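So you can see what is in the structure, the chains are spelled out below.
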Amino acid sequence: MFDNLKKKLGSFRSDVEQTAEENAEPLEEGEVAVDSDDDEAAADLEEPAEAAVDADAGTAAPSESVEDAVSDESDEAADAEAGATVSGDATEDGEAADVADDADLEADAEPEVDGDDETDGDADKTDNADDADSGGTGFGRKAKSLVKGKFVIEEDDLEDPLYELELALLSSDVEMGVAEEILDNIRENLVGQTRTFTTSTGAVVQEALGEAILEVINVGQFDFDERVAVADKPLVIIFTGVNGVGKTTSIAKLSRYLEERGFSSVMANGDTYRAGANEQIAEHAAALDTKLIAHDQGGDPAAVLYDAVEYAEANDVDVVLGDTAGRLHTNEDLMAQLEKIERVVGPDMTLFVDEAVAGQDAINRAREFNEAAEIDGAILTKADADSNGGAAISVAHVTGKPILFLGVGQGYADLERFDPEAMVERLLEDA
């Protein structure tokens, strides 16, 4: 399931990992030749010759002060050698004065920092200043991270891999707006992230990729089983969509699903115009030993569903599962039927059914049906045969309504609750 998409997501992870590693290594070997335990070297690397620390207060001074101090030291040393003769009986006071002068020169020329905390604090300040000047993650931050055994993931590291990922998502039938949101989420989650050299870049990328996908598919989710359990009985569910996408089979599978959880159901054939519709749903009802309510071909769909609700109320049946005629959202007569069903029966839930393998067509139909007659959720059939996964990623986002089930085979038991987190794990399991 979704094998092509899995492969493409895995390629993105590999591309980012390779690019980030290649961009990090030249800095480590060429520009950052320092001991990772030397905090003063890390601070000097971030702000070379731009700040000096006052010996008494530990505050930064302009770089010109450092140059002046060094120049003054050199001049005074030269004067001392040329013009001062120190005899063997020099007084202790004179020696003390010389020592004091030397100490002052050293204090002026060399920054003195008390403790590792002050060093780290000053390094962070200069790091932030460098980042602010550059408008990005900055050389200072990257250099500091390298000194500490880390590196930063830059936006440039993602540019080419993200472009390739966008093409991969679109070719996998992911809706364009959904693809763009996934890319934006990845940028937000990855750019500026640091990792240690002992941590796999791929693991960092995979986590960000998973979060980005989860954000677009985890839309409007609710606990279907709980909704059924707490609802007033009978709970009325109708199924809609175009012809041939597996609505009737999905009804049969859901009847089995409900029975396994202790809920009784009755089927109702509101697809009254299609030849063979009664026979098809009757076979499923007989196989599952489930009651079926049907009228003659050409009857009123709303009347069929009304009779099914009456039967459920009289016989303490928990759920009514109502089939409807396959239709396009542009078919005014059939859409008018849905409106009549809404008035007469007042269904508690309307589920849109389409094929996962239909890709962009399924996405567009889901959007259009939701706009024409609001749906509460979706079932995607033939998900086991879908190598792309575009519909599974996109339908919830474009409708704002959750995918509730996936059809994953021909058997009645082959109906799988859609779990967004499990979906993400499935997509990334071989990445």
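Residues numbered from 1 in each chain as written. Predicted model: local features only at pLDDT ≥ 70, side-chain atom pairs only at ≥ 80, totals over all residues. Heavy atoms only, no water.

Going through the model one piece at a time under the given rule, you end up with 4 aromatic pairs. Note on Phe-352 and Phe-369: the rings are 5.3 Å apart at their centroids and 45° apart in plane angle, and the pair reads as tilted. Here Phe-352 is found in strand S9 (residues 349–355), whereas its partner Phe-369 is found in helix H15 (residues 360–372), with 17 residues between them in sequence. Taken as a pair, Phe-352 and Phe-369 share a single burial class, namely buried. Through pairs of rings, three or more aromatic residues link up here, namely Phe-224, Tyr-257 and Phe-405. Looking at Arg-417, its charged tip hangs above the ring of Phe-405, at a distance of 5.8 Å from the centre. (Phe/Tyr/Trp six-rings, centres within 6.5 Å; stacked < 30°, edge-to-face > 60°. Helix = DSSP H or I, 4+ residues; strand = E, 2+ residues; numbered from the N terminus. Buried < 20%, exposed > 50% of the residue type's maximum accessible area, 1.4 Å probe, protein only. Lys NZ or Arg CZ within 6 Å of the ring centre and 35° of its normal.)

Take helix H11 (residues 247–260) next. Here H11 spans 20 Å end to end across 14 residues, near enough to the 20 Å set by a 1.5 Å rise per residue. Across the 14 residues of H11, 10 count as buried, placing the element largely inside the fold. All of the buried residues along H11 are Lys-247, Thr-248, Ser-250, Ile-251, Ala-252, Lys-253, Leu-254, Ser-255, Tyr-257 and Leu-258. Immediately beyond the C-terminal end of H11, within one or two residues, lies Gly-262, with a positive phi of roughly 90°. (Expected span 1.5 Å × (residues − 1).)

Our focus in this paragraph is the packing of H15 against helix H16 (residues 390–399). For the pair H15 and H16, interaxial distance at closest approach is 9 Å and the crossing angle is 20°. Between H15 and H16, the crossing angle belongs to the class labelled roughly parallel. Both H15 and H16 take part in a crossing whose hand is right-handed. Contacts between H15 and H16 involve Ala-362, Ile-363, Ala-366, Arg-367 and Asn-370 on the former and, on the latter, Gly-390, Ala-391, Ser-394, Val-395, Val-398 and Thr-399. By residue class, the composition of the contact of H15 with H16 is 6 nonpolar, 4 polar and 1 charged. (Axes fitted to C-alpha atoms, helices over the stretch in contact; angles between N-to-C directions. Parallel < 35°, antiparallel > 145°, perpendicular 65-115°, else oblique. Left-handed = near helix turned anticlockwise from the far one by under 90°. Contact = heavy atoms within 4.5 Å. Nonpolar A, V, L, I, M, F, W, Y, C, P; charged D, E, K, R; others polar.)

Of note, Val-204 is situated in helix H9 (residues 201–217). Residue Val-204 is classed as buried on the basis of its relative accessible area of 17%. C-alpha separation for the pair Val-204 and Asn-189, spaced 15 residues apart in sequence, amounts to 9.5 Å.

Looking at the chain as a whole, the pLDDT averages 73, with 64% of positions reaching at least 70. Every residue in residues 25–74 scores below 50 in pLDDT, and together they form 60 contacts with partners more than four places removed in sequence or on other chains. (pLDDT = per-residue confidence, 0-100.)

For the pair helix H8 (residues 176–190) and H16, interaxial distance at closest approach is 9 Å and the crossing angle is 100°. Considering their axes alone, H8 and H16 lie roughly perpendicular with respect to each other. Each of Val-178, Glu-181 and Ile-182 in H8 lies in contact with H16, whose residues at this interface are Ile-393, Ser-394, His-397 and Val-398. Class assignment of the residues belonging to the contact of H8 with H16 gives a composition of 4 nonpolar, 2 polar and 1 charged.

The mixed open sheet is built from 8 strands, whose spatial order is S7-S6-S8-S5-S9-S10-S11-S12. Two strands in the sheet have a free side with no partner beyond their single neighbour: strand S7 (291–293) and strand S12 (415–417). The mean inter-strand angle of the sheet, taken between neighbouring strand axes irrespective of direction, is 25°. On top of the sheet, H11 reaches strand S5 (235–240), strand S6 (265–270), strand S8 (319–324), S9, strand S10 (377–381), strand S11 (403–407) and S12; it is set at about 170° to S8, its chief contact. Relative to the sheet, H15 contacts S5 and S9, its axis offset from that of S9 by approximately 160°. (Pairing = 2+ DSSP bridges.)

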